[in-house]
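# Descriptive analysis of the structure
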Amino acid sequence: MQRKGLQISSVDRPLPKGKSEVSLSAFAFLFSEIVQYHRTRASSIAELERRLEDAGTGVGVRMLEILSYREKGNRREIRLQGILQFINTNIWRCLFGKVADSLEVYNDDEYVISDRSPLVNRFISVPKDLGDLNCAAFVAGIIKGVLEIAGFPAEVSAYYAPVEGQIHPRTNFFMKFSPEVLDREARLGT
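Anyway, here's the lowdown on the structure attached to this text. Quick caveat, the model's predicted, so the values are computed rather than measured.

### Overview of the packing of aromatic side chains
Evaluation of the coordinates by the stated rule reveals 6 aromatic pairs. Centre to centre, the rings of phenylalanine 27 and phenylalanine 31 are 5.9 Å apart; their planes meet at 10°, and the pair counts as stacked. Separated by 4 residues within a single helix, phenylalanine 27 and phenylalanine 31 lie in helix H1 (residues 24–41), roughly one turn from each other. Their ring planes at 80° and their centres at 5.8 Å tell us that tyrosine 111 and phenylalanine 177 sit as a pair that is edge-to-face. Taken together, the residues span a long stretch of sequence, with tyrosine 111 in strand E2 (residues 110–115) and phenylalanine 177 in strand E4 (residues 170–177) at a distance of 66 residues. Tyrosine 111 sits in the buried class, given a relative accessible area of 8%.

### Topic: the pattern of salt bridges
On inspection of all chains with the given rule, the structure shows 9 salt bridges. Measuring nitrogen to oxygen at the nearest pair gives 2.8 Å for the salt bridge that ties arginine 50 to aspartate 54. With arginine 50 and aspartate 54 both in helix H2 (residues 45–71) and 4 residues apart, the pair spans about one turn of that helix. Overall, arginine 50 belongs to the partly exposed group, its relative accessible area being 42%. One salt bridge connects lysine 98 with aspartate 101, and the closest N-O pair in it is separated by 3.7 Å. Its relative accessible area of 30% is what places aspartate 101 among the partly exposed residues. Here the residues in one salt-bridge network are Lys98, Asp101, Asp115 and Arg116, joined through shared partners.

### Thoughts on the packing of H2 against helix H3 (residues 80–96)
Look at H2 against H3: their axes get within 11 Å of each other, and the N-to-C directions meet at 100°. By the angle between their axes, H2 is roughly perpendicular relative to H3. Taking contact as the criterion, the partners of Met63, Leu64, Leu67, Ser68 and Glu71 in H2 are, on H3, Phe86, Asn90, Ile91, Cys94 and Leu95. When the residues that make up the contact of H2 with H3 are grouped by side-chain class, the tally is 7 nonpolar, 2 polar and 1 charged.

### So, the nonpolar core
Core analysis: the biggest nonpolar cluster contains 42 residues, and Leu147 and Phe177 have the highest contact counts within it. Looking at this core, the elements with two or more residues in it are H1, H2, H3, E2, helix H4 (119–122), helix H5 (137–150), strand E3 (154–161) and E4. Of the residues forming this core, the biggest block, 9 residues, is contributed by H5. Ignoring sequence-local partners within four residues, the contact set of leucine 147 consists of Ile83, Ile87, Phe152, Pro153, Ala154, Val156, Met175 and Phe177.

### With respect to H3
Spanning 17 residues, H3 covers 22 Å between terminal C-alpha atoms, matching the ideal 24 Å at 1.5 Å per step. The sharpest bend along H3 comes to roughly 35°, located at isoleucine 87. By the burial criterion, the buried members of H3 are Leu80, Gly82, Ile83, Leu84, Phe86, Ile87, Asn88, Asn90, Ile91, Trp92 and Phe96. One or two steps after H3, the chain reaches glycine 97, where phi turns positive at roughly 75°.

What counts, and where the lines are drawn
- Residues numbered from 1 in each chain as written.
- Predicted model: local features only at pLDDT ≥ 70, side-chain atom pairs only at ≥ 80, totals over all residues.
- Heavy atoms only, no water.
- Phe/Tyr/Trp six-rings, centres within 6.5 Å; stacked < 30°, edge-to-face > 60°.
- Helix = DSSP H or I, 4+ residues; strand = E, 2+ residues; numbered from the N terminus.
- Buried < 20%, exposed > 50% of the residue type's maximum accessible area, 1.4 Å probe, protein only.
- Salt bridge = Lys/Arg side-chain N within 4 Å of Asp/Glu carboxyl O.
- Axes fitted to C-alpha atoms, helices over the stretch in contact; angles between N-to-C directions.
- Parallel < 35°, antiparallel > 145°, perpendicular 65-115°, else oblique.
- Contact = heavy atoms within 4.5 Å.
- Nonpolar A, V, L, I, M, F, W, Y, C, P; charged D, E, K, R; others polar.
- Core = buried A, V, L, I, M, F, W, Y, C linked by side-chain atoms within 4.5 Å.
- Expected span 1.5 Å × (residues − 1).
- Bend = angle between axes of the 7 residues up to and from the residue.

This is the structure we're talking about:
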């Protein structure tokens, strides 16, 4: 409140929106700390990937909340294709500054989002004792969090897929939806 002759205190002013981008070096540092934190508490590669996925799930829940409010005007997706397109475009663009490379259908209940070079794998050097560690399990957790809070429960996992003629494999995010999602889709009509 402003009184005659008095200034509004900085506590009473609204926060500025600021930039929506995070410094790449700050992200790389924080993500490496997350990986190191969970590495000290995990006894195997599978457990480390599960812990990274669990950490990503909370991020996914919050991503859906904020992006639904900002971009959809609180409109909720009720169709499977709609939520997958939302993840493939809006969520990916917000997190990584670009749209995912592809969204593919394997079966009626299995879908794959592909990315040639996910940001979480770009600056990670995996020690030899951890072999096939895929830090994109964190992103798989984000996808899982978005899907669960939107009402599309699914098992989500990240795996490497070799690409012909390229040294580095692409990362695929495999989503297998629960039968209740497929039943709802059938009721709504395809």
